[in-house]
Amino acid sequence: MTSTDPTPSTDPTASTDAAAPTGSPGPTGSGATGSGSTGSDSAQKAPAKDPWDLPDVSGLVVGVLGGTGPQGKGLAYRLARAGQKVIIGSRAADRAQAAADELGHGVEGADNAETARRSDIVIVAVPWEGHGKTLESLREELAGKLVVDCVNPLGFDKKGAYALKPEEGSAAEQAAALLPGSRVTAAFHHLSAVLLQDPEVEEIDTDVMVLGEVRADVEIVQALAGRIPGMRGIFAGRLRNAHQVESLVANLISVNRRYKAHAGLRVTDV
């Protein structure tokens with residue numbers, strides 16, 4: 001995953017909501033509804049679900065693939081500091097354990113396969129260059145898991161950062177194509193690794209845009225983001241909209257370079 005820092009390291013509606021439930025008509029005919037009324041006349045529309053009614057995720061184990069890199073390590077630190085059980089994954093178990101020991105807060109280290117097997121939620125924070133190969137190699141271990149892809153496909157040249165467009169459309173869509181047995185979502189793209197890793201920073205003042213196909217999965221990720229003080233998870237569409245979310249990091253890098261900042265995003269009026 002690419003941090004937004006200047007120096008690169010490697011209200012929902014039925015029409016827009018992820019997996020929004022659709023009502024089915026009730027039985028029709030006078031015998032079913034009484035007094036000759038139709039089912040559509042008498043059917044009671046279910047009240048809209050409160051979008052901020054999110055599940056309790058405090059008991060879930062979170063694995064971070066690429067957890068030894070700046071962004072993955074920062075996310076692992078923030079989640080563990082908030083009380084989440086976190087396992088850092090790396091290609092080398094000893095390297096993962098060394099990073100875990102550095103972070104404290106009960107963080108454990110393991111190789112990527114073991115991390116995937118032991119986790120309920122798996123955050124993918126690997127460099128874009130190794131994204132596809134890493135996920136393909138872990139297809140079996142990630143089956144049935146809730147996968148959160150936070151990788152930003154970017155290139156860099158003398159003019160700065162610019163977005164790359166994968167053949168599948170986005171990193172998240174590539175993950176979904178490679179992991180048909182997993183529940184793939186996308187989130188945590190617009191975060192500063194510097195702020196995430198700084199123990200003096202008490203709150204991360206930002207919103208996290210969460211994308212996915214199934215509302216229940218999206219809400220789990222929203223709730224996970226909300227475990228970090230200062231953060232909110234905001235539903236931002238289906239995976240087909242992930243490209244522009246991933247690409248926006250290139251703009252944030254430019255902002256941070258110009259203003260010597262660690263900018264994040266806030267969604268207003270929600």
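Reading the values: rules and limits
- Along each chain, numbering runs from 1 in the same order as the chain's sequence is written.
- Where local features are concerned, this predicted model is filtered to residues with pLDDT of at least 70; where side-chain atom pairs are given and counted, the filter is 80 or more; whole-chain, interface and lining totals use all residues.
- Just so you know, side-chain values use all the structure's heavy atoms and leave hydrogens and water out.
- Secondary structure counts use DSSP, requiring at least four H or I residues in a row for a helix and at least two E residues in a row for a strand, with both numbered from the N terminus.
- Buried means the residue's accessible area, taken with a 1.4 Å probe over protein chains only, is under 20% of the maximum for its type, while exposed means over 50%, and partly exposed covers the values in between.
- Here, Shrake-Rupley sampling with a 1.4 Å probe gives the accessible areas, and only protein chains in the shown set may cover a residue.
- The pairing criterion is simple: DSSP has to find at least two bridges between the two strands.
- Simply put, an axis is a line fit to the C-alpha atoms, just over the touching stretch for a helix, and the angle between two N-to-C directions goes from 0 to 180 degrees.
- The contact definition used throughout considers only heavy atoms, calling two residues in contact when any of these lie within 4.5 Å.
- The term salt bridge refers to a side-chain nitrogen of Lys or Arg lying within 4 Å of a carboxyl oxygen of Asp or Glu.
- Throughout, the arc means the angular range of directions from the helix axis out to the C-beta atoms.
- For each structure, a 1 Å grid was placed over the protein atoms alone; sets of points admitting a 1.4 Å probe that cannot get out are labelled cavities, open sets with protein on both sides within 12 Å along at least five of seven lines are labelled pockets, and lining residues have an atom within 4 Å of a point.
- Grid points are joined across faces, edges and corners, and a volume is the space filled by probe spheres set on the points.
- We call Asp, Glu, Lys and Arg charged. Ala, Val, Leu, Ile, Met, Phe, Trp, Tyr, Cys and Pro are nonpolar, and the rest, Gly among them, are polar.
- Only buried Ala, Val, Leu, Ile, Met, Phe, Trp, Tyr and Cys residues count toward a nonpolar core, and they belong to the same one when joined by side-chain atoms within 4.5 Å.
- Here, expected helix span is obtained from the residue count minus one, scaled by 1.5 Å.

Enquirer: Break down the overall build of the protein for me, citing the residues and quoting the values.
Expert: Within the protein one finds 11 helices and 10 strands. Residue burial in the protein is summarised as follows: out of 270 residues, 49% are buried. Carbon and sulfur atoms make up 50% of the accessible area of the protein, which amounts to about 12900 Å² in all.

Enquirer: Let's hear about the pairing of strand E8 (residues 183-186): which residues, and what values?
Expert: Pairing of strand E5 (residues 146-149) with E8 involves 4 bridges; the strand directions are parallel. When the bridges of E8 are listed, Val 148 appears paired with Thr 185. Bridge analysis of E8 against strand E9 (residues 206-212) gives 2 bridges, and the strand direction is antiparallel. Residue pairing across strands places Thr 185 opposite Gly 212, the latter belonging to E9.

Enquirer: Requested: an account of the sheet that holds E9, with residues and values cited.
Expert: What the 8 strands build is an open sheet, ordered E3-E2-E1-E4-E5-E8-E9-E10; its pairing is mixed. The outermost strands of the open sheet, each flanked by one partner alone, are strand E3 (108-111) and strand E10 (231-235). Between one strand axis and the next, the sheet turns through 30 degrees on average, direction left out of account. For strand E2 (residues 85-90) and E3, the ladder comprises 4 bridges, and the chain directions are parallel. Residue pairing for E3: Ile 87 is matched across the bridge by Glu 108. In the packing of helix H3 (residues 70-81) onto the sheet, contacts are made with strand E1 (61-65), E2 and strand E4 (121-124), and the angle to E2 comes to roughly 165 degrees.

Enquirer: Please provide a residue-by-residue account of the pattern of salt bridges, values included.
Expert: Applying the stated rule across the entire model yields 13 salt bridges. Between Arg 215 and Glu 219 there is a salt bridge, and its shortest N-O distance comes to 2.9 Å. In this pair, Arg 215 and Glu 219 are both assigned in helix H10 (residues 215-226), 4 residues apart and thus about one turn of the helix distant. Across this residue pair, the class does not change: Arg 215 and Glu 219 are buried. Sharing partners across several salt bridges, the network here consists of Asp 205, Asp 207, Arg 232 and Arg 266.

Enquirer: Break down helix H8 (residues 171-178) for me, with residues and values.
Expert: Where H8 is concerned, the buried positions are Ala 171, Ala 172, Gln 174, Ala 175 and Leu 178. The buried residues of H8 all sit within an arc of 160 degrees when viewed along its axis, so they share a single face. Tucked inside the fold, the buried residues of H8 contact helix H6 (131-137), helix H7 (139-142), E5, E8 and helix H11 (242-259).

Enquirer: A description of empty space enclosed by the protein should follow, citing residues and the corresponding values.
Expert: Gaps left between atoms are located by rolling a probe of water-molecule size over the structure's atoms. Estimated volume of the largest cavity: approximately 30 Å³. For the largest cavity, the full set of lining residues is Ala 187, Phe 188, His 189, His 190, Leu 191, Asp 207, Val 208 and Met 209. Considered class by class, the residues forming the lining of the largest cavity number 5 nonpolar, 2 polar and 1 charged.

Enquirer: Can you explain the nonpolar core? Please cite residues and give values.
Expert: If you look at the biggest cluster of nonpolar residues, it comprises 38 residues, and the most contacted ones within it are Ile 123, Phe 188, Val 208, Leu 224 and Met 231. Take this core: its biggest share by element is 6 residues, from H10. For Ile 123, the contacting residues outside a window of four places in its chain are Val 62, Gly 63, Val 64, Leu 65, Leu 75, Leu 79, Val 148, Cys 150, Phe 188 and Leu 224. Core analysis: the next-biggest nonpolar cluster, separate from the first, contains 23 residues, Ala 113, Val 126, Ala 171 and Leu 239 among them.

Enquirer: Now, about the environment of Leu 103: what can you tell me, with residues and values included?
Expert: Mapped onto the elements of the fold, Leu 103 is located in helix H4 (residues 93-103). Taking C-alpha positions, Leu 103 is 8.7 Å from Ala 80, a pair spaced 23 residues apart along the chain. Once you skip the residues sitting within four places of it in the chain, Leu 103 turns out to touch Lys 73, Ala 76, Tyr 77 and Ile 88.

Enquirer: Describe H11, and please don't skip the residues or the numbers.
Expert: For H11, which comprises 18 residues, the first-to-last C-alpha distance of 26 Å matches the rise-based estimate of 26 Å (1.5 Å per residue) to within 8%. Buried within H11 are the following residues: Ala 242, His 243, Val 245, Glu 246, Ser 247, Val 249, Ala 250, Leu 252, Ile 253 and Asn 256. Where the residues of H11 are buried, they touch strand E6 (154-157), strand E7 (160-163), H8 and E9. Following H11 by one or two positions, Lys 260 adopts a phi angle in the positive range, close to 50 degrees.

Limitation: the analysis is restricted to geometry and does not speak to function.
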